[in-house]
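Remarks on the overall topology
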Amino acid sequence: MKTDIIDIQKHLGVEADGILGPVTVKAIRDKLGIKRKPTWPSQAEVRRGCSIFGKAGCEADLVPLVPPYTLYYEGKPVRSIRVHRLIARHVQEAMMEVLEHYGAAEIHRLGLDLYGGSYNYRASTGGSALSMHAWGIALDFSPAANAMHYKAPRASLSHPDCRRWWEIWESHGAVSLGRECDYDWMHLQFATLR
């Protein structure tokens, strides 16, 4: 068995130590194109400050991202958005997948390019607890057509032509309040609800 693992490791180009550890498993996943959905902490853990995301409002944890297609905030093009460094790769990849799947014209038609914000040190709407936006781990899209109190089918992001949009974000571990709770369809976050 150990020699089989060594042969596999040599083929994959990783250290051939005969141990089937995380480096070898990652190399096998990469070779086979197996994408593992990331798991994120719960919003309760995030709010307690005991998660990988650290403290709310930590500027050092925020990074700028240039979106792969033009986003518009209040009708003006957005050059970059700020998100927590730990979700940056996932946000960038999800947006690239959205562009690949829909194309720029369809993104615009569906309002997926209407940006409502990401990092914002503030309390949750209607509450006193900090919003996931305060850590830079939440993003809002198409806010006018997906107001917090809108339910399906009134919320545009609840429509069938947006199903793939949500599947892409969810493959990166993002949670949709709309799909989970049928409110605030504009909002997605990289923290579980429970």
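To be clear, the structure that these remarks concern was listed above.
Read across the sheet, 4 strands follow the order β5-β6-β8-β7 without closing on themselves; strand pairing throughout is antiparallel. The sheet is open, and its two edges are formed by β5 (115-117) and β7 (175-176), each paired on a single side. Relative to strand β8 (residues 187-189), β7 is paired through 2 bridges, and the arrangement is antiparallel. In the sheet register, Ser176 faces β8, and the bridge partner there is Leu188.

In this structure, Trp165, Trp169 and Phe190 are the most contacted members of the largest nonpolar core, which totals 41 residues. Breaking this core down by element, the ones donating at least two residues are β4 (81-84), α4 (85-110), β6 (138-141) and α5 (163-171). Once residues lying within four places of it in the same chain are set aside, the contact partners of Phe190 are Trp40, Phe53, Ile87, His90, Val91, Ile137, Leu139, Trp169, His172, Gly173 and Ala174.

Okay, the packing of α4 against α5 next. Contact pair α4 / α5: the axes reach a minimum separation of 9 Å and the direction vectors enclose 155°. Classified by the angle between their axes, α4 and α5 sit roughly antiparallel to one another. Between α4 and α5 lies a crossing whose hand is right-handed. Across the interface between the two elements, Val91, Ala94, Met95, Glu97, Val98, His101 and Tyr102 from α4 touch Arg163, Arg164, Trp165, Ile168, Trp169 and Ser171 from α5. Its residues assigned to classes, the contact of α4 with α5 shows 8 nonpolar, 2 polar and 3 charged.

For the rest of this paragraph, the subject is the environment of Glu15. Here Glu15 lies in the loop between α1 (2-12) and α2 (22-32). For the pair formed by Glu15 and Ser171, sequence separation is 156 residues and the distance between their alpha carbons is 30 Å.

In total, this model carries 10 aromatic pairs according to the counting rule given. Here the aromatic rings of Trp165 and Trp166 are separated by 6.1 Å at their centres, their planes lie at 80°, and the arrangement is edge-to-face. Of the two residues, Trp165 and Trp166, both sit in the buried class. Pairwise contacts between aromatic rings join Trp40, Phe53, Tyr73, Tyr115, Phe141, Trp165, Trp166, Trp169, Trp185 and Phe190 into one cluster. Sitting over the ring of Tyr150, Arg154 keeps its end group 3.7 Å from the ring centre.

This part is about the packing of α1 against α2. Packed helix pairs are characterised by how far apart their axes lie and by the angle those axes make with each other. For the pair α1 and α2, the least separation of the axes is 10 Å and the interaxial angle reads 55°. Taken together, α1 and α2 sit at an angle that is classed as oblique. Judged by the twist between their axes, the crossing of α1 over α2 is left-handed. Across from Ile8, Gln9, His11 and Leu12 in α1, the residues of α2 making contact are Thr24, Ala27, Ile28 and Lys31.

Our next topic: the side chain of Ser158. Tracing the backbone through its elements, the reader meets Ser158 in the loop between β6 and α5. Engagement of the side chain of Ser158 in a polar contact is seen with the backbone oxygen of Ala155, the distance being 2.6 Å. With near-sequence residues (within four places) excluded, Ser158 lies in contact with Ala152, Pro153 and Trp185.

Rules behind the numbers
Here the residue numbering is sequential within each chain, running from 1 through the sequence in written order. For a predicted model such as this one, the threshold for reporting local features is a pLDDT of at least 70, and the threshold for listing and counting side-chain atom pairs is 80 or more; totals across whole chains, interfaces and linings nevertheless cover every residue. Computation of side-chain values: all heavy atoms of the structure, hydrogens and water removed. Pairing between two strands requires that DSSP report at least two bridges joining them. Only DSSP runs of H or I with at least four residues qualify as helices, and only runs of E with at least two residues qualify as strands; both kinds are numbered from the N terminus onward. To qualify as a nonpolar core, a set must consist of buried Ala, Val, Leu, Ile, Met, Phe, Trp, Tyr and Cys residues joined through side-chain atoms within 4.5 Å. Only protein chains enter the accessibility calculation, which uses a 1.4 Å probe; a residue whose area is less than 20% of its type maximum is buried, one above 50% is exposed, and one in between is partly exposed. Contact definition: two residues touch when any of their heavy atoms are within 4.5 Å. A fitted line through C-alpha atoms represents every axis, and for helices the fit uses only the stretch in contact; the resulting angles, taken between N-to-C directions, go from 0 to 180 degrees. Angles below 35 degrees are treated as roughly parallel, those above 145 as roughly antiparallel, those between 65 and 115 as roughly perpendicular, and all remaining angles as oblique. Crossing handedness is defined as follows: a turn of the near helix away from the far one that is anticlockwise and smaller than a right angle gives a left-handed crossing, while the clockwise case is right-handed. Residue polarity is assigned by list, with Asp, Glu, Lys and Arg as charged and Ala, Val, Leu, Ile, Met, Phe, Trp, Tyr, Cys and Pro as nonpolar; anything else, Gly included, falls into the polar class. When the centres of two rings from Phe, Tyr and Trp lie within 6.5 Å, Trp using its six-membered ring, the rings pair. Their planes under 30 degrees apart give stacked, over 60 give edge-to-face, and anything left gives tilted. Lysine and arginine charges are scored as sitting over a ring when NZ or CZ, respectively, is within 6 Å of the ring centre and within 35 degrees of the ring normal. The term polar contact refers here to a pair of N or O atoms within 3.5 Å; inside protein, the definition further demands a hydrogen-donor-capable atom paired with an acceptor-capable atom, and it admits residues adjacent in sequence only when both atoms are side-chain atoms.

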